[in-house]
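Each chain is listed here by its residues.
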Amino acid sequence: MMAEREEDDDTEEAWMQLRPTEPLPSQCCGSGCSPCVFDLYHRDLARWEAARASKDRSLLRGPESQSCPSKLNPETFVAFCISAMDRLTKDTYRVRFALPGNSQLGLRPGQHLILRGIVDDLEIQRAYTPISPANAEGYFEVLIKHVPVPLTSPRVCFQCYQMGLMSRYVESWRVGDTAFWRGPFGDFFYKPNQYGELLLLAAGTGLAPMVPILQSITDNENDETFVTLVGCFKTFESIYLKTFLQEQARFWNVRTFFVLSQESSSEQLPWSYQEKTHFGHLGQDLIKELVSCCRRKPFALVCGSAEFTKDIARCLLCAGLTEDSYFLF
């Protein structure tokens with residue numbers, strides 16, 4: 001009986017059932033993570049081919065990990081429990097996830113994670129940057145925007161379709177629910193006093209990677225980096241984390257500015273915002289002005305939509321910066 005069972009396990013049909021399934025396009029977040037979900041698929045496929053050739057199923061498992069199973073991992077999704085949800089604007093939430101004990105997430109400022117969700121039996125993945133301090137103990141926080149998309153419209157692009165699905169998944173969250181993350185990812189690593197001045201240019205939730213970088217500078221009394229942060233939003237009401245940004249602007253080395261695309265007058269703004277708010281879009285003339293008024297040679301960090309980052313990169317080059325003087329998230 002035992003020999004017959006082993007023979008059945010070695011049939012071609014049995015091995016084909018163990019073959020890794022190639023990911024769908026929706027399972028790739030498109031942010032250039034390494035390892036990507038397709039990298040992991042090709043790794044597992046190579047293991048499967050080697051195991052089938054030698055008829056040794058133990059080769060499917062790969063090396064055993066010695067790390068704690070609750071620790072963040074770039075290759076494997078790990079469950080984290082939602083401990084709080086705060087609505088910041090009509091379409092944006094700050095979500096807090098609990099970490100075991102007083103442990104830390106282990107990200108460097110500006111690095112991001114990948115969130116996995118399942119909607120209508122379709123697995124989707126998207127990148128999010130925690131906005132909590134890098135040294136936060138017992139929790140991490142992310143900024144998540146709800147993107148309503150008419151999913152039945154044939155004119156909706158696939159990326160927008162994915163964003164709409166992820167919004168549906170996030171809308172279902174409640175405190176106590178579990179979400180699955182893997183990481184960290186990201187190629188920008190900030191070091192104290194690495195640059196004379198950082199010019200942070202963010203649109204919408206592109207503010208997220210700027211928050212931990214900015215806070216790491218102001219939390220370190222030995223870091224004398226100047227910071228100019230420019231946040232681009234539709235309206236004053238849609239500006240995220242106003243209290244945090246106001247507190248940061250009180251530091252001697254930090255300046256904040258805002259660009260509002262759907263407002264045209266400062267009369268309705270609080271007096272503290274009137275002088276530092278521009279209207280319209282962040283274009284070449286304003287970027288030249290920002291670069292020229294930097295107190296030291298700037299290094300620019302840019303985060304927003306693909307169109308925003310492309311346009312800003314072009315404007316930075318026109319303003320005299322070189323390609324090694326900015327980083328696009």
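Please refer to the structure placed before this passage.
Described in the following lines is the structure provided in the data block. What you see is a predicted model; the values in this text were computed from it and never measured.

Bringing the overall build of the chain into the picture now. Per the secondary structure count, the chain includes nine helices and twelve strands. Scored against the burial criterion, the 329 residues of the chain give a buried share of 43%. Looking at the chain alone, contacts between residues at least 24 apart form 70% of all its contacts between residues at least 6 apart. For the chain, the accessible surface area stands at approximately 17,800 Å², while carbon and sulfur atoms represent 49% of it.

Among the nonpolar cores identified, the biggest contains 32 residues, and L198, L207 and L301 are the most heavily contacted of them. Of all the secondary structure elements, the ones that give two or more residues to this core are β7 (197-203), α5 (210-218), β8 (226-233), α6 (242-248), β9 (254-260) and β11 (298-303). Broken down by element, this core gets its largest block of residues, five residues, from α5. If we skip the residues at most four places from it in the chain, L301 touches F188, L198, L199, L200, L201, M210, I213, F327 and F329. Core analysis: the next-biggest nonpolar cluster, separate from the first, contains 25 residues, V95, I124, F140 and M166 among them.

Parameters and conventions
Every residue gets a number counted from 1 within its own chain, in the order that chain's sequence is written. Per-residue local features are limited, in this predicted model, to residues with pLDDT of at least 70; the limit for side-chain atom pairs, both in listing and counting, is 80 or more; totals at the level of whole chains, interfaces and linings are taken over all residues. Note that water and hydrogens are dropped before the side-chain values are worked out from all heavy atoms of the structure. A helix here means a DSSP run of H or I that spans at least four residues, while a strand means a run of E at least two residues long, and both kinds are numbered starting from the N terminus. Classification of residues uses two cut-offs on accessible area relative to the type maximum, computed with a 1.4 Å probe and protein chains only: under 20% is buried, over 50% is exposed, and between them is partly exposed. Any pair of residues with heavy atoms lying within 4.5 Å of one another is described as a contacting pair. Areas reported as accessible are Shrake-Rupley estimates using a 1.4 Å probe. Residue values count occlusion only from the protein chains shown. Buried Ala, Val, Leu, Ile, Met, Phe, Trp, Tyr and Cys residues form a nonpolar core when they are joined through side-chain atoms within 4.5 Å.

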